[in-house]
Structure formats: C-alpha cells, structure tokens
2 protein chains.
Amino acid sequence: MPLKLYIAGPEVFLANAREVMRAKTALCRKYGFEAICPGDLDIPPSDTRKGFGLAISRVDEEMMNSADGVIANLTPFRGIAADVGTCFELGYMCAQGKLVAAYTNVAAGHYERTLGYYNGQVTADADGHKRGPDGLSLEDFDMIDNLMMHGGVERRGGHIAVHAAAADALYTDLTAFEECLKALAEKRNSAHRDEGMRPEELDASNDD
Amino acid sequence: MPLKLYIAGPEVFLANAREVMRAKTALCRKYGFEAICPGDLDIPPSDTRKGFGLAISRVDEEMMNSADGVIANLTPFRGIAADVGTCFELGYMCAQGKLVAAYTNVAAGHYERTLGYYNGQVTADADGHKRGPDGLSLEDFDMIDNLMMHGGVERRGGHIAVHAAAADALYTDLTAFEECLKALAEKRNSAHRDEGMRPEELDASNDD
C-alpha cells in the first residue's frame, strides 16, 4: 500500500484546478505515493451557502484523517502570507504526527515580504524588536512564512523547498512540489531500510 | 482544576502584547478558565535567528498540547485574511479534538473582504464560480474566513463571534473574545450537568 499524501494548497482556487491536481497526482505516483486531493470527492448539496462550506470542511478533514502525510503549498496568496486554509491543514496534520513537507514558489522569505508590506518603513524598538509604522512586530527568523508553519515542518524533520517560479506559474510550477516528493520518498525508503534491520537479522550479521 | 485555554491571535505582535494577554488572562479567570498564552514562557536563546524561531514553535506547540481548548482571534492581519500562525494553531487544536472558539473584530465577512481585494471586479464563470481578474475563485459561504477555519470551529459546535471593533482597537477590543468565553463556559457547565446525571441518579429519579 503506497503512503497517502494530502495535497494542500491554494491551487484549488485556479480555473484549471483539476488539471494541476492531475499533474500533482501523477508526480506522487512517480515517487510511489498516492495523492489525496481536495476536490476529488463530490460534495453533497446543501440548502445554504454556509451548509455547502461546512460540507467541504468535513470532507477535507476526513481526507486528511485518512492521509499519511501532507505537502503544503505555502506560496503567498492574495497578499504576503500563505493561504490560510492551507495553514490550518498543515497545523491539523502536524498535530496528528503525520509526514509533513512544504514549499513556496516565491524566493523572498517571510521577513523580506513583510518589509515590503511596510515599504521598508521598519524600525527597531527599545527591546530590539523590528516594528512597522502600525507598531506590529516583524518575525525575522530566516523562514519562508510564520514560524508556526516553517517551524512545525522543520522540527518534524520535514523538507522545506523554495523555488522562484515565473509570475504566471506561481500556483502551477511543480519544481518545489517535486523536491518535497523526493525528500519524502527518501525518508520513507530509509525508514523501510531501518524496518528491514530486524533484531534476528542484526544477530545474523554479527555471526561472522 | 480549571480547563486551560490556549490564546491564539496576532496580538502577540503588538507593542503592548503583554498587557493584552494580561487582560485576556483576567477575563478567562472570570469565566473559570486558565489562560495559556504564547509569550508566557521564556524562550531559550539560540545561536541563529532560525534556531530561535524553531524554539518558539516548540514552546507554542507544547502549550497547545497542554491546553484543553483554544480561542482563536481571526481578525484580518496585514491583509484580508486571518493571521496564518493563528490558523495553523486552530487547525492543530481541531485535529486534537479540543474545545474550539473563534472571533473576528471585523464585521465584513470573508467574501466581502475578498471582493474588496479585487475592487469588486468579480465575475461568474460558466460553472457559476465567482472569480477575480486573476482567475482565482472566491469562497462565498457566509463565513468569517476560509471554510477550513470557520467550518472547523462550527462543525465542532464551537462558537464564532463577530464584533465591529473601532479601527484603533482592532487587536485589543475583547468584546468578541468575551463572547467566546461565555459560550465555552456554557458548554462546560452543561457538560458538567450531564456528567452529574450518573446512571444511578437516573435510576433514582425514576423511582417515584
């Protein structure tokens, strides 16, 4: 049974979302994983707009519960930060102790992007905290986004991939996605190798 | 032992973060809860900026693991969406099956804010999906933010509070925060009442 990876990212909002999901699914297969994509299942109809949104929430959470890991696309979305739905999903999978990896198709890190948001108008306060004109402090931790996401992945030994995609391929370029798949496949294969070293084999190898 | 609530929100970035946290902690106590606030513990020093960010990530996750629930401040932050770190934390707590509640200090919903992001230039495609000039679809589900957050809370029976705060009190107005506390206290108290109805008591009440 191949390990199942939940595909989290704002590409679900693209007009060609299904096409991108098919490409991601094919890449997962190439590395021996099964992709679980939001949008794969039909959502039961609802009487209200909110009811429909709740139904999608339920289906997506069930998909995550059934998955062994996640690759989260943290490319900035409608602003300087990652898609909030993707961040929720990454937190959800981190809490479950699943395999995690994340990528961004924007080379500028979290601090640089926040600096850009303030047009560079950032000053240090008495405690050394960097703050914008609105008084809000900036995280300057050499990370791709807020420390909960980047830290949640890296502390679990998960891979973070950064690739500077072309502006017109921000949500479709799969270079960094594939880098995550390679890292997850290596991790899985080395785990298999460790599993292969059963106590009796270790004993046998000491027989000579 | 009072239930412990993790305090998630972008107010950690305020210059007076500690003051706001003290006010939230006092309100939690008023309703019989214990507040667990990011920033309460000293973070061990690190040789690198990233190392320090990773240390905060670890401490915050440990705080969440020790908490019984979360109140997430989903007020839009540096753009049209909630703070991404808060969204990660809400997903993390939803996955653990903890008590959840969320609020926003902006009355305009997710759809209205996204419409504003596109200056109203939104059209429906052949399938009826509303899309911005960049082709990205808009969620129109009568929710305060992306459906994973709003749905994750509401599907768990968690309270969503909306309050139109003054512009200069966007991250400090605690009206909606207190509404969440009231809802969580009611839920806790009704659970206690249910627990009080032990089988033997039910039998006794049927004796007459």
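You'll find the structure just up there.
Procedures and definitions
Residue numbers run consecutively from 1 along every chain, following the written order of its sequence. The lettering of chains begins at A and the numbering of ligands begins at 1, in the order of writing. Local features in this predicted model are restricted to residues of pLDDT 70 or higher, and side-chain atom pairs are both shown and tallied only at a pLDDT of 80 or more, whereas totals for entire chains, interfaces and linings draw on every residue. Computation of side-chain values covers all heavy atoms of the structure but excludes hydrogens and water. Superposing copies: least-squares fit, C-alpha atoms only, residues required to have pLDDT of at least 70 in both. In this description, contact between two residues means that some pair of their heavy atoms is separated by no more than 4.5 Å. At least two DSSP bridges between two strands are required for those strands to pair. Secondary structure is summarised from DSSP: a helix means a run of H or I of at least four residues, a strand means a run of E of at least two, and numbering begins at the N terminus for each. Helix axes are fitted only over the stretch in contact, all axes being lines through C-alpha atoms; the angle between N-to-C directions runs from 0 to 180 degrees. Defined in terms of a 1.4 Å probe, buried area is the accessible area two parts forfeit on being brought together, summed over both. Any Lys or Arg side-chain nitrogen found within 4 Å of a carboxyl oxygen on Asp or Glu counts as a salt bridge. Each residue after the first adds 1.5 Å to the expected span of a helix. Accessible area is worked out with a 1.4 Å probe on protein chains only. A residue is then buried under 20% of its type maximum, exposed over 50%, and partly exposed in between. What makes a crossing left-handed is the near helix being turned counterclockwise from the far one by less than a right angle; a clockwise turn instead makes it right-handed. Amino acids are sorted into nonpolar (Ala, Val, Leu, Ile, Met, Phe, Trp, Tyr, Cys and Pro), charged (Asp, Glu, Lys and Arg) and polar (every other residue, Gly among them). Angular relationships are summarised with four words: roughly parallel below 35 degrees, roughly antiparallel beyond 145, roughly perpendicular across 65 to 115, and oblique for the angles in between.

Draft legend 1. Focus on the relation of the copies chain A and chain B. The two copies are related by a screw operation: chain A maps onto chain B through 180 degrees of rotation and 0.0 Å of translation along the axis, at an RMSD of 0.0 Å. This pairing of chains is accounted for by a two-fold axis. Interface overlap between copies: 100% of the residues of chain A at the interface are likewise at the interface in chain B, consistent with a symmetric, same-surface contact.

Draft legend 2. The arrangement of the sheet that holds strand β2 (residues 34-36) of chain B in detail. Residues and elements named next belong to chain B. Strand order across the open sheet formed by 5 strands is β2-β1-β3-β4-β7, with parallel pairing between neighbours. If you trace the sheet from one side to the other, it starts and ends with β2 and β7 (159-162), each paired once. Across the sheet, the mean angle separating the axes of adjacent strands is 20 degrees when strand polarity is ignored. Of the pairings in the sheet, the one linking strand β1 (residues 4-8) to strand β3 (residues 69-73) comprises 4 bridges and is parallel in character. Along β3, the bridge assignment pairs tyrosine 6 with valine 70.

Draft legend 3. A look at the interface of chain A and chain B. Each side of the interface is counted separately: chain A has 58 residues, and chain B has 58 residues. Summed over both sides, the interface between chain A and chain B buries roughly 4800 Å², with carbon and sulfur atoms accounting for 64% of that surface. Taken as a group, Arg78(A), Phe88(A) and Met148(A) account for 18% of the area that chain A buries against chain B, more than any other trio of residues on that side. Seen at the junction of chain A and chain B, the total is 8 salt bridges. The residue Glu154(A) makes a salt bridge to Lys50(B) at a minimum N-O spacing of 3.4 Å.

Draft legend 4. Seen up close, unusual backbone geometry. Even without glycine at this site, Arg78(A) takes up a positive phi of about 50 degrees. Within the secondary structure layout, Arg78(A) lies in the loop between β3 (69-73) and α3 (84-95).

Draft legend 5. Local environment of the sheet that holds strand β1 (residues 4-8) of chain A. Residue and element names in this part refer to chain A. Spatially, 5 strands are ordered β2-β1-β3-β4-β7 in an open sheet, and the strand pairing comes out parallel. At either margin of the open sheet sits one strand with a lone partner, and together these are β2 (34-36) and β7 (159-162). On average, adjacent strands in this sheet sit at an angle of 20 degrees to one another, irrespective of strand direction. Lying on the sheet, helix α2 (residues 49-66) is in contact with β1 and β2; it crosses β1 at an angle near 145 degrees. Most of the contacts of α3 go to β3, to which it runs at about 155 degrees, and overall it touches β1, β3 and β4 (99-104).

Draft legend 6. Summary view of α2(A). Its 18 residues place the ends of α2(A) 26 Å apart at the C-alpha level, agreeing with the 26 Å of an ideal helix rising 1.5 Å per residue. The inward-facing, buried residues of α2(A) contact β1, β2 and α3 of chain A together with α5 (147-154) of chain B.

Draft legend 7. Spotlight on the side chain of Asn73(B). Residue and element names in this part refer to chain B. Note on placement: asparagine 73 falls in strand β3. In this structure asparagine 73 comes out as buried when scored by relative accessible area, which is 0%. Not counting residues up to four positions away in its chain, the partners in contact with asparagine 73 are Ala8, Gly9, Pro10, Glu11, Lys24, Thr86 and Tyr103.

Draft legend 8. Focus on the packing of helix α2 (residues 49-66) of chain B against helix α3 (residues 84-95) of chain B. All names here are of chain B. For the pair α2 and α3, the least separation of the axes is 10 Å and the interaxial angle reads 35 degrees. Of the two elements, α2 crosses α3, and the hand of that crossing is right-handed. Here α2 contributes Asp60, Glu61, Met64 and Asn65 to the contact with α3, which in turn contributes Phe88, Glu89, Tyr92 and Met93. Residues of the contact of α2 with α3, tallied by class, amount to 4 nonpolar, 1 polar and 3 charged.

Draft legend 9. Quick peek at the packing of α2(A) against α5(B). One can describe the packing of α2(A) onto α5(B) by two numbers: an axis separation of 9 Å at closest approach and a directional angle of 90 degrees. In terms of orientation, α2(A) lies roughly perpendicular with respect to α5(B). Across the interface between the two elements, Lys50(A), Gly53(A), Leu54(A), Ile56(A), Ser57(A), Asp60(A), Glu61(A) and Met64(A) from α2(A) touch Leu147(B), Met148(B), His150(B), Gly151(B), Gly152(B) and Glu154(B) from α5(B).

Draft legend 10. Representation of the pattern of salt bridges in the model. Within this structure, the stated rule accounts for 20 salt bridges over all chains. In this structure, the salt-bridge partner of Glu178(B) is Lys30(B), at a minimum N-O distance of 2.9 Å. On the criterion of sequence distance, the pair formed by Glu178(B) in helix α6 (residues 175-196) and Lys30(B) in helix α1 (residues 17-30) is long-range, its members being 148 residues apart. Classification of Lys30(B) as exposed rests on a relative accessible area of 57%. It is possible to trace a salt-bridge network through shared partners that takes in Arg49(A), Lys130(B) and Asp140(B).

Purely geometric numbers; function is a separate question.
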